[in-house]
Amino acid sequence: LMDTTALKKFAQAARNLLMDQVTAKLDVVLAGNSAARREAPKAVKDLENAIYKADKQQVIEQVAYTWFNRFTALRFMDANGYTQVRIVSPIEGATRPEILSEAMAGNLPDKAPASIDALLSGRAPSNDPQAEAYRQLLVLSCNQWHGAMPFLFEKINDYTELLMPEDLLSQSSILAELRKVMTEDACQDVEIIGWLYQFYISEKKDQVFAGLKKNVKITPENIPAATQLFTPHWIVRYLVENSLGRLWLLNRPDSKLADQMDYYIAPEEPETDFLRIERPEDIRICDPAAGSGHMLTYSFDLLYAIYEEEGYDATEIPALILTHNLTGVEIDDRAGALGAFALAMKAANKLGRRRFLRMEAKPNICVLKDVSFTDEEMQDMPALVGRDLFTDELRETLGQFEQAKNFGSLIVPKLLDPAETLRVVEARDFAGDLLLKEVQARIVAVLRMAEALSPKYHVVVANPPYMGGKGMNGKLGTFAKEEYPESKSDLFAMFIQRGFKFIPRHGYSAMVTMQSWMFLSSYD
């Protein structure tokens, strides 16, 4: 069992430590005559723009978070042998990360910049050559993982790299502390990632709730901290086994799946009315509030057993599951990246390192983002997408995602089946016209979100966000009243209603809900 107390203590301390270190770096980078301004002028400009668009505190939080995610992911992969040379972990008995020890012995990774060797051999002047070389090795490693996991390891040559925490090698560094709690044993279960994430945002959650008492509404960027809770494993199993598991058993009465479903409750009477499923690839499951992916990772396990029972080749199953069966929708970029990482690790666990790196399929986690179009752009739309495709439904859908980070999966796209429109718009070539290309990218982003939110699933499983009407910001409150008049008094109730719009008759919606909807008059 996981020592969640130690994880909580570590994650809360790590957040404060990282934020302090990122803040200190930020001041150095933004100084008028900083080395960064000379060596990475574009990254500094992007950083200044980001601060101007959001605010300094938000940028610091975001960068601290990004490094926390990457460090925990790298440690998890080190512990499971998915990294060829350990990136943030030493080998038994040593103190330096293995990748640095190897570099010091002259074994540099592929495509390592000459500067690493220059630092370690003393040819380049530096106050702390090992620390500087290690930072470069870390960036190189993150970029090498970009191909397999672009959602977690964006190509780094941006301000995230400039703001990387300074102390990574001392015995009191964040990496040393991380290794103490993320033991090899604890890393046998990908659940550890979800727990760390919940504890990382727990102090922020307390701040948001303290604000609520003073009538401070919950802003879109604070919704994740206020509403994310890691769902205990037995609840996840209960929900998935009685939805996905049940659907499969109805279609395959001879299946032995029930033997491994400890929380499955068999129906008392045989059911004759149910969704017909021909083969495992046809099953579609969605978690519309995916968080760090716990519902989806267990769905992966159950689907794996289903494919296995049907006689599929073990080396093909993980890619089939990621391609056909699972969709997650999330408003929080970092939780979305961790959910995708957790699913990728499920695949890696089944395939081994080399096959995993060759696998083309990627987890389908759709992180919603705000997208809007100007009136002028809307007028040019028929020419952009083609007149026959530009229906009223498409016009309306393009306007539905301006508050996507605020309304999340509660948005019900007017365009019922965006797949065909998406295919046509993606295929159009505006290479010569940068402005049109940029508008095209926004249209594609909307259609992808609409596709993830389409009514095409057999099973919806979620632990939806809980937030009473009193906590909602103005726009969310208005949206609730207009779009969900019966369930507007709490987000969780709105999600119950939304769940049924995802699925056909006889589909399954399995959610963690409060009992209040059964007896409070506001839900009549």
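None of these values were measured; they are calculated from a predicted model. (Residues numbered from 1 in each chain as written. Predicted model: local features only at pLDDT ≥ 70, side-chain atom pairs only at ≥ 80, totals over all residues. Heavy atoms only, no water.)

Caption draft 1: Spatial organisation of the nonpolar core. Phe76, Met149, Met345 and Phe356 are the most contacted members of the largest nonpolar core, which has 123 residues in total. Element by element, the count of residues in this core is highest for helix α4 (residues 56-79), at 13 residues. In contact with Met149, other than residues within four places in its own chain, are Met77, Phe341, Ala344, Met345 and Phe356. Counting residues in each nonpolar core, the second largest holds 53 residues, with Ile218, Val329, Leu415 and Leu453 among its members. (Core = buried A, V, L, I, M, F, W, Y, C linked by side-chain atoms within 4.5 Å. Buried < 20%, exposed > 50% of the residue type's maximum accessible area, 1.4 Å probe, protein only. Helix = DSSP H or I, 4+ residues; strand = E, 2+ residues; numbered from the N terminus. Contact = heavy atoms within 4.5 Å.)

Caption draft 2: How the structure looks around the packing of α4 against helix α9 (residues 174-181). Taken N-terminus to C-terminus, the directions of α4 and α9 make an angle of 50 degrees; their axes are 11 Å apart at the nearest point. Judged on the interaxial angle alone, α9 and α4 are oblique. The chirality of how α4 crosses α9 is right-handed. Contacts between α4 and α9 involve Phe71, Thr72 and Arg75 from the former and Ile174, Leu175, Leu178 and Arg179 from the latter. Grouping the amino acids of the contact of α4 with α9 by side-chain chemistry returns four nonpolar, one polar and two charged. (Axes fitted to C-alpha atoms, helices over the stretch in contact; angles between N-to-C directions. Parallel < 35°, antiparallel > 145°, perpendicular 65-115°, else oblique. Left-handed = near helix turned anticlockwise from the far one by under 90°. Nonpolar A, V, L, I, M, F, W, Y, C, P; charged D, E, K, R; others polar.)

Caption draft 3: Examining the environment of Phe300 more closely. Counting through the fold element by element, Phe300 comes out in helix α14 (residues 294-309). Sequence separation between Phe300 and Ala347 is 47 residues; the distance between their C-alpha atoms is 8.8 Å. For Phe300, the contacting residues outside a window of four places in its chain are Pro318, Ile321, Leu322, Leu326, Leu343, Lys346, Ala347 and Lys350.

Caption draft 4: Here's a closer look at the pairing of strand β4 (residues 459-462). In β4, alternate side chains face the same way, and those of Val459 and Val461 on one face and Val460 and Ala462 on the other are all buried. Sheet topology note: the β4/strand β5 (residues 508-511) ladder contains four bridges and is parallel. Paired with Val459 across the strands is Tyr508, a residue of β5. (Pairing = 2+ DSSP bridges.)

Caption draft 5: Structural context of unusual backbone geometry. Positive phi is not limited to glycine here, since Lys111 has a value of about 60 degrees. Within the secondary structure, Lys111 is located in the loop between α5 (98-104) and α6 (114-120). Phi is positive for His506, close to 75 degrees, though the residue is something other than glycine. The residue His506 is located in the loop between α24 (491-502) and β5 in this model.

Caption draft 6: A look at the packing of α4 against helix α7 (residues 129-145). For the pair α4 and α7, interaxial distance at closest approach is 12 Å and the crossing angle is 75 degrees. Of the possible angle classes, the one that applies to α4 and α7 is roughly perpendicular. For the pair α4 and α7, the contacting residues are Trp67, Arg70, Phe71, Leu74 and Met77 in the first and Leu138, Cys142 and Trp145 in the second. The class makeup of the residues in the contact of α4 with α7 is seven nonpolar, no polar and one charged.

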